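Here's the letter readout for the chains.
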Amino acid sequence: MAIDLCRKSPADLAEGRTNGWDDAVLLEDLATEQREALNFAYRTTLSNVDPRFVAGDPAAWASDFGYALDRVAIRLDNRSNEDLRTAALEHPDPAMREQALFEYADRDHEDAIEFLAQAIRQDTDRQVRWDALWAIEKLGGPEAITTLRQFLNDPDPEIAEWSKLFISELQTGDPAFDDREGHYTPGRTFDETIFLLIHCDLYVRLDPSNQHWGKISLAPQGLARIYGQAHACPNVATRERQLVIAKTIEGLHADGTPHVDNYLFRGFTDRSRRDRGNFFFESLVPRPFFKSGRADDPSEGVREANIGFARYGTWHLEPKFQVHGESAIRYVRGRFQGWGHVNLSRVAGRPIEEILVPGNGVLSTLHDPEVGPMTNAFILGTFKGKLNDWDGDGVIDLNSRHVYSTADGEIDSDQDGIPDQPGLTCCDWTGQQLP
């Protein structure tokens, strides 16, 4: 969450960083609902920075645990600024380039937006480019809008649309999209398979005194490498009360097959507006907890535990994309939080390339007598997901992504809707050992 708080302190306001909104949409030009939502979001952000900007009960605006930790945590990525700049532009691994970009932005340097734009212009990996656009939005302000406008006519239509979307969010609070048509594939398990961008801050308790904390800011590709690339998988008939988050980790299994890790979420959705849904969902799934801190590594013992996670946010509908007589979800955004276990001996003093490796971190719980005391990480972050054109035919794909899950989150390797083994929602580690 720290990158989202950058450039939003009282000192920044005093230094004039918020000036320069001449070309932005005027507040009076917005619809009433947009104006109220934007005002609320702005006040909420400021209230996490300084109580002088709000009035009322501090329990409502000063109880953000992640923000409290961010003020005291030390960075576990201790690379110099120059090392970060070099890695962001020159590292051969796109995930490492992206990680350096997000770490640099998280440090709130004056030239962060300019540097992110430089990387977007020259990088050849489209995910690095659209994730860097997201980092610019997180920093916010008029400079972000001006910079994002540079990519509105990018040759890659996804880069152009992400730019348009982020500009609209900064100006009005709502996303905006291009006019491409959409394609729905009948007969698949899910009506939509939405590729998620996930950014999080991982706060690690460094000793039992609760006085020393460390922090790793995980960029989307780095997080996906450790915990798995996630897809939100709703079905129109059930999306207001449940959905599956299907994750796959590449490079974890010795035989080269993806590690499948599915989560069934349930919750409530507010549908008081026809064009969107506001939701709060929770997941509670049985998982093997690897005490080594590495998925599928039983070297220090394994404990079966129930792992919980929460996600909440808003999805926006696209009326021209129809599925079973209903508008499809074109875009989703929100926050999430949960618990984890980080084996400090695996990360202490290691270069970032040895930390961001498949499975090098496991989700955890506080409610198990063995696992609870080993839980040492608080995971807090944001996510965004947009329907994309994945095959380059100029048409947006609603449900073409490969996700290995039934509608109830069970593993389905051949995507026929029938579970490989009823009740199994995560790969059986006993048959997938690393050499």
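Structure report, in brief. (Residues numbered from 1 in each chain as written. Predicted model: local features only at pLDDT ≥ 70, side-chain atom pairs only at ≥ 80, totals over all residues. Heavy atoms only, no water.)

Closest axis-to-axis distance for the helix 6 (residues 94-106)/helix 11 (residues 220-227) pair is 7 Å, and the angle between their directions is 125°. What the angle tells us is that helix 6 and helix 11 run oblique. Between helix 6, through Pro94, Ala95, Met96, Glu98 and Phe102, and helix 11, the contact on the second element is made entirely by Pro220, Gln221 and Arg225. Tallied by class, residues from the contact of helix 6 with helix 11 come to five nonpolar, one polar and two charged. (Axes fitted to C-alpha atoms, helices over the stretch in contact; angles between N-to-C directions. Helix = DSSP H or I, 4+ residues; strand = E, 2+ residues; numbered from the N terminus. Parallel < 35°, antiparallel > 145°, perpendicular 65-115°, else oblique. Contact = heavy atoms within 4.5 Å. Nonpolar A, V, L, I, M, F, W, Y, C, P; charged D, E, K, R; others polar.)

What follows covers the environment of glutamine 322. Its place among the elements puts glutamine 322 in strand 9 (residues 302-323). On the accessibility criterion, glutamine 322 (42% relative accessible area) is partly exposed. Sequence separation between glutamine 322 and histidine 183 is 139 residues, and the spatial gap between their C-alpha atoms is 9.3 Å. A polar contact of 2.5 Å, which involves the side chain of glutamine 322, links it to the backbone oxygen of proline 319. Within polar-contact distance, the side chain of glutamine 322 engages the side chain of serine 327 at 3.3 Å. (Buried < 20%, exposed > 50% of the residue type's maximum accessible area, 1.4 Å probe, protein only. Polar contact = N/O pair within 3.5 Å; in protein donor to acceptor, adjacent residues only side chain to side chain.)

This paragraph deals with the nonpolar core. Leu196, Leu202, Leu218, Tyr227, Ile245 and Ile379 are the most contacted members of the largest nonpolar core, which totals 50 residues. Take this core: its biggest share by element is seven residues, from strand 9. (Core = buried A, V, L, I, M, F, W, Y, C linked by side-chain atoms within 4.5 Å.)

Along any regular strand, the residues point their side chains to alternate faces of the sheet. Of all twelve residues that make up strand 3 (residues 194-205), eleven are buried, and the element is covered over most of its length. Two strands pair when backbone bridges link them, and strand 3 and strand 5 (residues 229-233) are joined in this way by two bridges, in the antiparallel orientation. Pairing of isoleucine 194 across the sheet is with alanine 232, part of strand 5. Here nine bridges tie strand 3 to strand 12 (residues 377-386), and the two strands are oriented antiparallel to one another. Residue pairing in the sheet places histidine 199 in a bridge with threonine 382 of strand 12. Where strand 3 lies against strand 4 (residues 213-218), six bridges are found, and the strand directions are antiparallel. Counterpart to aspartate 201 in the pairing with strand 4 is serine 217. (Pairing = 2+ DSSP bridges.)

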